[in-house]
Amino acid sequence: MNEQNIALNRFGLGAQPGAAFSGPPKRWLLNQLEQYKARSSITDTAPKTSEICKELFDYYKIDHELRREGNKKANAKRLQELHIEQLERSNAIYHHFVQLRFDDAVATQTPFLNRLIYFWSNHFAVSADNMYMSRLAGPFEFDAIRPNLMGTFGDMLMSVERHPAMLLYLNQAISVGANSARAKKVKATSSRKAGLNENLAREILELHTLGVLGGYDQHDVIEFAKALTGWTVAGMGRRRGVLEKGEEVPGRFHFQQNFHEPGSRTIMGRVYSDQQEGQAKSVLADLAVHPSTAHHIAVKLSRHFAGDDPPQQMVDRLEKVFLESGGYLPALYREIIASPEAWVSSPVKFKTPWEWAVSAQRALGMLKTDNVWNLIKQLGQPVWRPRQPAGYDDIASTWAGPDALMNRVRAANQLAQHSSPSQTPLAIAARVFPHGLSGHTVSAIERAESYQQAMTLLLVSPEMMRR
């Protein structure tokens with residue numbers, strides 16, 4: 001692989017028809033940093049988080065009212081019908097966002113930055129595994145990740161942790177301090193318990209910032225969870241469909257003071273006074289620039305661009321840039337571009353199903369594909385559905401198994417059947433992999449019995465599978 005090939009495929013998402021760049025490959029990548037827009041002409045049509053949350057709130061409000069009415073038997077059928085309607089609506093919203101994401105990936109002129117969007121979206125993973133998360137996973141990426149791509153890590157961290165998708169996914173919206181005003185009231189009037197939820201605190205420490213070996217312990221998790229109490233979503237906390245006192249806009253981040261555990265918190269040796277909402281914000285601000293966070297992010301970025309076994313020298317440099325810049329993300333991106341470890345000639349990564357599908361479509365020049373969500377699901381990586389807060393793996397062993405490869409062969413054949421022979425397969429290959437096609441791949445394409453077979457062979461070639 002030469003540098004042009006590497007820029008297109010390792011840093012980018014693959015070449016497009018007639019979109020070859022001129023000039024130094026590194027300059028092409030650096031120029032993209034000046035061209036970034038949080039919403040493209042394609043994604044600008046997507047509903048905002050606030051619109052999605054308003055819909056959800058209206059549903060929960062009707063559901064709440066029907067359950068409170070006296071004639072439960074008569075309402076049971078309506079509740080069932082309402083639930084089915086909302087499931088269908090959730091699926092429609094999810095599929096719409098997946099399609100927008102895919103269309104934007106195929107059309108983008110700043111593919112390096114799109115790759116970074118997907119990296120951060122997977123780093124701060126949520127999973128669309130129920131009715132409300134199916135609606136919110138797309139808006140989470142579009143409204144919490146994309147607008148913060150060119151800011152600091154701390155900006156992105158704060159936006160992500162306060163977004164309704166994260167607060168609901170990790171059950172933070174219902175977390176209540178044991179000594180809070182709400183807990184005392186519940187204890188006095190009900191046998192139910194209002195409890196502390198540690199999920200968000202644990203995942204912030206383990207996955208989003210410090211890393212599993214970042215120097216915290218269970219005491220720190222509990223103390224941080226207490227600091228986070230009160231961070232909830234208006235109209236979607238413990239009583240969904242009902243606005244609590246002070247909650248004015250359904251779905252917006254809300255600090256519910258009577259949920260908050262009073263008192264100071266000691267986390268990793270530092271004391272945080274009780275500043276209500278500001279207590280957890282102060283913890284996040286410190287975590288965002290902590291040396292362990294710098295190391296954790298440096299390792300993940302190096303793994304993504306320079307190989308499953310991250311080169312230590314690259315990790316060290318990224319870690320240093322992170323700390324010196326206060327986590328300024330464009331400084332990290334520039335260091336990645338400058339890193340010689342990311343420009344070695346041999347392929348360093350096996351493409352994930354998402355990366356492969358996008359690069360195949362960019363190669364074929366097909367902007368619109370029906371049922372994209374189903375294609376990606378069949379390949380083994382359904383969009384925004386990793387089923388775990390750690391997100392999808394970024395190593396070859398997860399994606400290179402025999403069954404996974406056969407799924408790609410079948411998908412490649414389907415794509416080839418729908419492709420238009422405006423250019424010969426070898427001409428397309430020369431554009432997609434400039435001066436980087438092996439003799440073996442050229443020979444296999446030349447021996448193909450049809451255009452479709454030749455395109456299938458190109459799409460499953462080693463050059464297309466790896467970057």
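Residues numbered from 1 in each chain as written. Predicted model: local features only at pLDDT ≥ 70, side-chain atom pairs only at ≥ 80, totals over all residues. Heavy atoms only, no water.

Let's talk about helix α1 (residues 3–11)
Now for step 1: The buried count for α1 comes to 7 of 9 residues, which makes it a mostly enclosed element.
Now for step 2: Within α1, burial applies to N5, I6, A7, L8, N9, R10 and F11.
Now for step 3: Where the residues of α1 are buried, they touch α2 (25–35), α5 (111–123), α13 (291–306), α15 (329–338) and α20 (425–432).
Now for step 4: At the N-terminal boundary of α1, the capping side chain belongs to N2, with an oxygen 3.3 Å from the backbone nitrogen of Q4. (Buried < 20%, exposed > 50% of the residue type's maximum accessible area, 1.4 Å probe, protein only. Helix = DSSP H or I, 4+ residues; strand = E, 2+ residues; numbered from the N terminus. Contact = heavy atoms within 4.5 Å. Polar contact = N/O pair within 3.5 Å; in protein donor to acceptor, adjacent residues only side chain to side chain.)

Thoughts on the pattern of salt bridges
Now for step 1: Enumeration according to the criterion identifies 22 salt bridges in this entry.
Now for step 2: Among the salt bridges present, the one from R162 reaches E277, with a minimum N-O distance of 2.8 Å. Of this pair, R162 sits in helix α7 (residues 153–162) while E277 sits in helix α12 (residues 277–288), and the two are 115 residues apart along the sequence.
Now for step 3: Residues joined in a network through salt bridges with shared partners are R101, D104, E141 and R146. (Salt bridge = Lys/Arg side-chain N within 4 Å of Asp/Glu carboxyl O.)

Quick look at the packing of aromatic side chains
Now for step 1: Summed over all chains, the structure comprises 16 aromatic pairs.
Now for step 2: Between Y118 and W354 the ring centres are 5.4 Å apart and the planes differ by 80°, which places this aromatic pair in the edge-to-face class. Residue Y118 is located in helix α5, and its partner W354 is located in helix α16 (residues 353–364); the two are separated by 236 residues in the primary sequence.
Now for step 3: Using a relative accessible area of 10% as the deciding quantity, one classes Y118 as buried.
Now for step 4: The class of W354 is buried, set by a relative accessible area of 5%.
Now for step 5: Plain terms: the ring middles of W120 and F153 are 5.9 Å apart, the flat faces sit at 50° to each other, and that makes the pair tilted. You can see W120 sitting in helix α5 and its partner F153 sitting in helix α7, a full 33 residues away along the chain. As far as burial versus exposure is concerned, W120 and F153 are alike and both buried.
Now for step 6: Members of the aromatic cluster, each reached through a chain of ring pairs, are F119, W120, F124, F153 and F322.
Now for step 7: Directly above the aromatic system of W354 lies the positively charged group of R101, at a separation of 4.5 Å from the ring centroid. (Phe/Tyr/Trp six-rings, centres within 6.5 Å; stacked < 30°, edge-to-face > 60°. Lys NZ or Arg CZ within 6 Å of the ring centre and 35° of its normal.)

Considerations on the packing of α7 against helix α10 (residues 199–208)
Now for step 1: Running from N to C, α7 and α10 cross one another at 150°; their axes reach a closest spacing of 12 Å. Accordingly, the angle class assigned to the pair α7 and α10 is roughly antiparallel. As for the relative orientation of α7 and α10, their crossing is right-handed in sense. Every residue of α10 that contacts α7 at F153, L157 and E161 is listed here: L200, I204 and H208.
Now for step 2: Grouping the constituent residues of the contact of α7 with α10 by class yields 4 nonpolar, 1 polar and 1 charged. (Axes fitted to C-alpha atoms, helices over the stretch in contact; angles between N-to-C directions. Parallel < 35°, antiparallel > 145°, perpendicular 65-115°, else oblique. Left-handed = near helix turned anticlockwise from the far one by under 90°. Nonpolar A, V, L, I, M, F, W, Y, C, P; charged D, E, K, R; others polar.)

Points about unusual backbone geometry
Now for step 1: Within the chain, M268 stands out as a residue other than glycine whose phi angle is a positive 50°.
Now for step 2: The backbone of H435 sits at a positive phi, close to 55°, despite the residue not being glycine.
Now for step 3: One can find H435 in the loop between α20 and α21 (439–446).

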